[in-house]
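Examination of the molecular architecture
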Amino acid sequence: MLGNIVFFLKDEGYGFILGKNKIRYYFNIHNIYYSSPKENDEVLFTPKPRTSLKLSPTAENIHLVKPSNKHLSASQKLYGNTKKTQEKYIDLIKNTKVQCTKCGRYMIPYIIYRNDGLKRSICPFCGKTYKYFSPCFIATAVYKDHLANEVIALRRFRNEFLSTFFIGRIFIKLYYHYSPNLAKKIKNYKILQAILKPILNLVAYIYS
Ligand SMILES: [Zn+2]
């Protein structure tokens, strides 16, 4: 099927394609068969139906048909060229307003950047974290590559499953509090990697 890349989060290793049928397809960097994908690139891909109600259908075998030849991306055209307006656009595309779990207001999440990439998005009214973009420290320590298929699947598990309910969000908070130190330990102890890998493999398998 033909479609266009709507956005691609390079640091996270995934993005979405809008198919000609107006359906949005999730894709992962490993399914792209050309270098440096950008917004607006016209691509040919194999659509795969969704495997669960919670997830979007996915695009595989993505090949470039026509690179975006515009100097300005669609987002820049619509919303200007500053980082702030780009942030707004990213979440507009991700289906505009969402309800904040803390203050209950409908809002466009505000994205916070760390040095080189997206960190998390927050509610502009109350500051409550809406979504984490940070790396999975532990998964990266186990798989030794922050763009490994399993790491990308686990990130999806966090963003599309864990962050949708209360206990899951508490888990994410605790995870980000303790995992950087834990990840250091895991790097040094092969036995910890051996214990964690099958567990992570299972979750990644379900979510890939
Ligand atoms: Zn709020």
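Since the model is a prediction, treat every value here as computed from it, not as a measurement.

Cut-offs applied
- Counting restarts for each chain, with residues numbered from 1 along the sequence as it is written.
- In keeping with the model being predicted, local features are shown solely for residues with a pLDDT of at least 70 and side-chain atom pairs are shown and tallied solely at 80 or more, while totals for entire chains, interfaces and linings include all residues.
- Think of the side-chain values as coming from all heavy atoms in the structure, minus any hydrogens and water.
- Exposure is judged per residue with a 1.4 Å probe applied to protein chains only, and the accessible area is read against the type maximum: over 50% gives exposed, under 20% gives buried, and values in between give partly exposed.
- In this text, helices come from DSSP runs of H or I with a minimum length of four residues, and strands from runs of E with a minimum of two, each type numbered from the N-terminal end.
- Any two strands with at least two DSSP bridges between them are considered paired.
- Any carboxyl oxygen of Asp or Glu within 4 Å of a side-chain nitrogen of Lys or Arg constitutes a salt bridge here.
- Here the coordinating atoms are restricted to nitrogen, oxygen and sulfur within 2.8 Å of the metal centre, or 3.2 Å for Na, K and Ca, and because water is not among them the sites may look incomplete.
- Every residue pair with non-hydrogen atoms within 4.5 Å of one another is taken to be in contact.
- The axes are straight lines fitted to the C-alpha atoms, using for helices just the contacting stretch, and the angles between their N-to-C directions are given from 0 to 180°.
- An angle below 35 degrees is read as roughly parallel, one above 145 as roughly antiparallel, one from 65 to 115 as roughly perpendicular, and any other as oblique.
- By the definition used in this description, the sense in which the near helix is turned from the far one sets the handedness, with an anticlockwise turn below a right angle giving left-handed and a clockwise turn giving right-handed.

Turning to the pairing of strand E2 (residues 14-19), a few remarks are in order. Burial analysis of E2 places 5 of its 6 residues in the buried class, the great majority of the element. As judged from the 6 bridges shared by strand E1 (residues 2-9) and E2, these two strands associate in the antiparallel manner. Residue pairing across strands places phenylalanine 8 opposite glycine 15, the latter belonging to E2. The pairing of E2 with strand E3 (residues 24-28) spans 5 bridges and is classified as antiparallel. Each residue of the ladder has a partner; that of phenylalanine 16, found in E3, is tyrosine 26. Taking the residues between adjacent antiparallel strands as the criterion, E2 and E3 are bridged by 4 residues, where lysine 22 takes a positive phi near 70°.

One pass over the structure, following the stated rule, counts 2 salt bridges. A salt bridge links aspartate 41 to lysine 38, with the nearest nitrogen and oxygen atoms 3.8 Å apart. Classification of aspartate 41 as buried rests on a relative accessible area of 1%. For lysine 38, a relative accessible area of 40% corresponds to the partly exposed category. Lysine 48 is the partner of glutamate 60 in a salt bridge, and the nearest nitrogen-oxygen pair spans 3.2 Å. Residue glutamate 60 is located in strand E5 (residues 58-66), and its partner lysine 48 is located in strand E4 (residues 42-48); the two are separated by 12 residues in the primary sequence. What makes glutamate 60 partly exposed here is its relative accessible area of 27%.

At this site the zinc ion is bound by Cys100 (SG), Cys103 (SG), Cys123 (SG) and Cys126 (SG), with donor distances of 2.3 Å. All donor residues of the zinc ion come from one chain, and their arrangement in sequence is C-x2-C-x19-C-x2-C.

As a further point, take the environment of proline 124. Inspection of the secondary structure puts proline 124 in the loop between strand E9 (118-122) and strand E10 (129-132). By relative accessible area, which is 47% here, proline 124 ends up partly exposed. Note: C-alpha distance between proline 124 and tyrosine 110 (14 residues apart in sequence) is 6.0 Å. Beyond its immediate sequence surroundings of up to four residues, proline 124 is in contact with Met107 and Ile108.

Before going further, it helps to spend a moment on the packing of helix H4 (residues 149-161) against helix H6 (residues 190-206). Where H4 contacts H6, the two axes come as close as 8 Å, and the packing angle between them is 70°. When the axes of H4 and H6 are compared, the pair comes out roughly perpendicular. The hand of the H4/H6 crossing is left-handed. Every residue of H6 that contacts H4 at Glu150, Ala153, Leu154 and Phe157 is listed here: Leu200, Asn201, Val203 and Ala204.

Taken by themselves, the reported measurements are silent on function.
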